[in-house]
Amino acid sequence: MRVALFTTCLAEALAPRALKATVLVLEHCGVAVEMPTAQTCCGQPMLSNGLPADAARLARRMSEIFAPYDAVVTPSGSCCSVVREKYAGLFAEGSRDRAAVEALAAKTFELVEFLETKLGIDPATLRAKTCSRASTATPPATTTTAPLNCHDACHLRGIHRHGCTAPFLKAAGCGDVRDLPDMAQCCGFGGMFSTQFPEVSTALGEEKLAHVASTGASTLVASDTGCAAHLAGLAHRKNVALRVISPAEALAESLGLMEIPA
Amino acid sequence: MNELIAPALPFDMKPRAREAVRDLKLQQFVGNATHLKDTQRGGIFGRDFGPDYDDLRTVARDTKQYALDHLDELLERFIANAEQSGAKVHAATTGREACDIALDIARAHAAKSCVKSKSMVTEEIGLLPAFEAAGIKTLETDLGEFILQIDGDAPSHIVTPMIHKDRVATAKSFVRELGARYTEDPTELTMIAREHMRGLYRAADIGVSGANFLLADEGSAVICTNEGNFDLSVGGPPVHIVFVGIEKLIRGARDLAPFLKLLARSGTAQPLTVYTSFVRGPRRAGEHGGPKEVHFVLVDAGRVGVLASEKRDLLRCIRCGACLNACPVYRKVGGHAYGSMYAGPIGAVLTPELERAQGTASPGQPAAGLTNYPDLPRASSLCGACYEACPVKIDIPKFLLHDRVRLRAQGLSPKSEARVLALWRWLAERPALFRLAIGAVRLHARMLGRKDGDGERAWLSRAPGPGAGWTQSRDLGIATGESFRDWFASREPRPKKPGGSQ
Ligand code: SF4
């Protein structure tokens, strides 16, 4: 199986550590990952903002770039859902483009989903797996016990994965995973919504941070780069000490594939 | 009409949204009530239907869609059956026409007073102001609507109209408007309203209501309420007028069950509303109660136009309010921020669409639609909670995206935004340049950002250009260390494979 990493432009700019973690976790599970270097942006910003023709051009690119692979994996729940749910609607039924993006949709997965549904990995056994080229860092004697919360990207709803991250991390032994009250409510990011309605977006983000604080968690795992940037940015502005990471990083750290920064 | 739900057009949502976010009472009342209802909705469906819930929604969706697809036929059948039972059926193309029909009926009976139970369509067509202008004193008999009426306020939720108010406000207005003694006890407050209304029911010349469903087979209307006020308004006055949008038609009682199972559970987490009432024609010979005349006013007001558009799914809506309760934005901005009696996710798509369809329906008027509500399609994070909550599976986010395309095509969304996105797309088709652009962003952050925390990121608290809206309330953290691509390339070399090159 040839597996390609779908990096997403946002993660390349804002969260390269999430991408590294994705590669390390996949390798830990015995999956060698390739990275098509021509990939750029999936077109979500255009698609969400009334420019479907622009989005279609990028969707077509994506389908070409990832054509040689059997599976495409990304740490971003939101970009994944765009490929899965939205690409087909950009092209006429029966067209070649439509078939190409449908083929891409059928093999694109969010990381945790890929591990759980495609590889069929029982998270409890993750620790036992070892992989050839992963562990450059020495596995820690004990993994993190920092209390953490999980906030799933709303777009995971569309691919029926909303609410699946926390149980997976819990079962994988990612430390003290605490239930986040009202997890189902959007964090207020919403792409350009965050700058079009900044007050509403901020109010929702603050509510999310308040819920995190109520659990005593010091780390928040957010399954989308945009949500993570929004919540981390809010916390930073308000001088709230909160580490915001991706599920990939949470897994990589707990498996000893990555060091937890001091 | 109240400018809260019928504002000056084009409507600017942003100031109202900003104000609402700062309104601590609104945050508390609307936030608590919507969260509670949303949680209870999940609970009751889980308990009562478990995994079958989704099938039930599919049945409801398909049943309603079938009705919409056969609306002509069902309308004919409804009219024939309703007339058979002695009711009079009127068709109104516009809201104005619907009001005129009612005014004619009122005039024929020299009506001076009216008792009205809750109805969205009468809000939509402005019946109450039309009645008041004609000197017909109209009493809202739904408790929430009554409180709003005496306060000169407007509904902010399609099921719980006074969701933005609390008991204290009610107590104060009862003292002020009804001369009642101050009490915050809900039972006592209800009794005060009841006392005030009872006599008025008996004295009223006309009763007015909406309807939740129209049954074509039976020629009757189904009205779901919790307070019994509908039954009083239909039982007291000699004339009753049911106003109803034509999209409320279903085949008949045989199709009603899934909707009754879904409606109250979705809206208020009740297995059924307290009353499920049927209106079928006037009092028959030998019957002691009921109106002597029953009128059905079938309202188009843009619905035919919606039916012919790609947004026809919106007409499936049974006005349960679940999407409002589930919506993070509604929870923060409340109903009045939407500038329409239809608030929240469904309102954001339905309001401009009805407006557009009506514009097309009346010759000489421009098809305004989104021109009048340019903010509504954008006031959403596209989180999908509305779609998940909707008992008839209306894909509201899809229609919001539709409208965003239209906004763009009509030049109603900011040009600056379009330029940024066009540049982004142009770069995205040129991978080398795109990487350079990402590199430039990272360099910008490295040079100007503050390094703190884990030292992995540099933080900008003032981003240029399109980032400015972001940094109004948030810092922007950008990883400045080794790029992912450099890291990936620096690992042990591997044979190049096709598809991996540019
Ligand atoms: S759109 Fe769906 S959830 Fe919203 S009010 Fe209508 S039926 Fe209920």
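Residues numbered from 1 in each chain as written. Chains lettered and ligands numbered in written order. Predicted model: local features only at pLDDT ≥ 70, side-chain atom pairs only at ≥ 80, totals over all residues. Heavy atoms only, no water.

Turning to the overall build of chain B, a few remarks are in order. The secondary structure content of chain B amounts to 22 helices and 13 strands. Taken along the three principal axes of its C-alpha coordinates, chain B extends 95 × 55 × 50 Å. For chain B, the proportion of its 502 residues judged to be buried stands at 57%. Restricting the contact set of chain B to residue pairs at least 6 apart, pairs at least 24 apart contribute 71%. A total of about 21000 Å² of accessible surface is found on chain B, and carbon and sulfur atoms cover 55% of it. When the 67 basic and 59 acidic side-chain charges of chain B are each reduced to a single mean position, those positions are 6 Å apart. (Helix = DSSP H or I, 4+ residues; strand = E, 2+ residues; numbered from the N terminus. Buried < 20%, exposed > 50% of the residue type's maximum accessible area, 1.4 Å probe, protein only. Contact = heavy atoms within 4.5 Å. Areas by Shrake-Rupley, 256 points an atom, 1.4 Å probe, with all protein chains shown as cover. Lys, Arg positive; Asp, Glu negative; His and termini not counted. Charge placed at Lys NZ, Arg CZ, Asp CG, Glu CD.)

Within the structure, the ligand sits among 14 residues, and Cys 317, Cys 320, Gly 321, Cys 323 and Cys 390 of chain B are positioned closest to it. When grouped by side-chain class, the residues that make up the shell around the ligand number twelve nonpolar, one polar and one charged. (Near = heavy atom within 4 Å. Nonpolar A, V, L, I, M, F, W, Y, C, P; charged D, E, K, R; others polar.)

You can see Ser 117 of chain B is positioned in the loop between strand 2 (113-116) and helix 6 (120-125). When its relative accessible area of 1% is taken as the criterion, Ser 117 of chain B is described as buried.

Looking now at the interface of chain B and chain A. Residue-level contacts link 69 residues of chain B with 73 residues of chain A. Between chain B and chain A the total buried area reaches about 6500 Å² when both faces are included, carbon and sulfur atoms providing 60% of it. Ranking the residues of chain B by area buried against chain A places Arg 474, Phe 484 and Arg 485 of chain B at the top, with a combined share of 11%. Ionic pairing is found between Arg 425 of chain B and Asp 54 of chain A, a salt bridge with its closest N-O pair at 2.6 Å. Summed over the shared surface of chain B and chain A, the number is 32 residue pairs in polar contact (both at pLDDT 80 or more). Here the side of chain B that touches chain A is composed, by residue class, of 28 nonpolar, 14 polar and 27 charged. (Buried area = accessible area lost by both parts, 1.4 Å probe. Salt bridge = Lys/Arg side-chain N within 4 Å of Asp/Glu carboxyl O. Polar contact = N/O pair within 3.5 Å; in protein donor to acceptor, adjacent residues only side chain to side chain.)

Another aspect to go through is the pattern of salt bridges. Residues and elements named next belong to chain B. Applying the stated rule across the entire model yields 54 salt bridges over all chains. With a closest N to O distance of 3.0 Å, Asp 100 and Arg 96 form a salt bridge. Of the two residues, Asp 100 and Arg 96 both sit in helix 5 (residues 95-108), four residues apart, roughly one turn of that helix. For Asp 100, a relative accessible area of 33% corresponds to the partly exposed category. Bridged by salt links that share partners, the residues Glu 310, Lys 311, Glu 353, Arg 356, Asp 403 and Arg 406 form one connected network.

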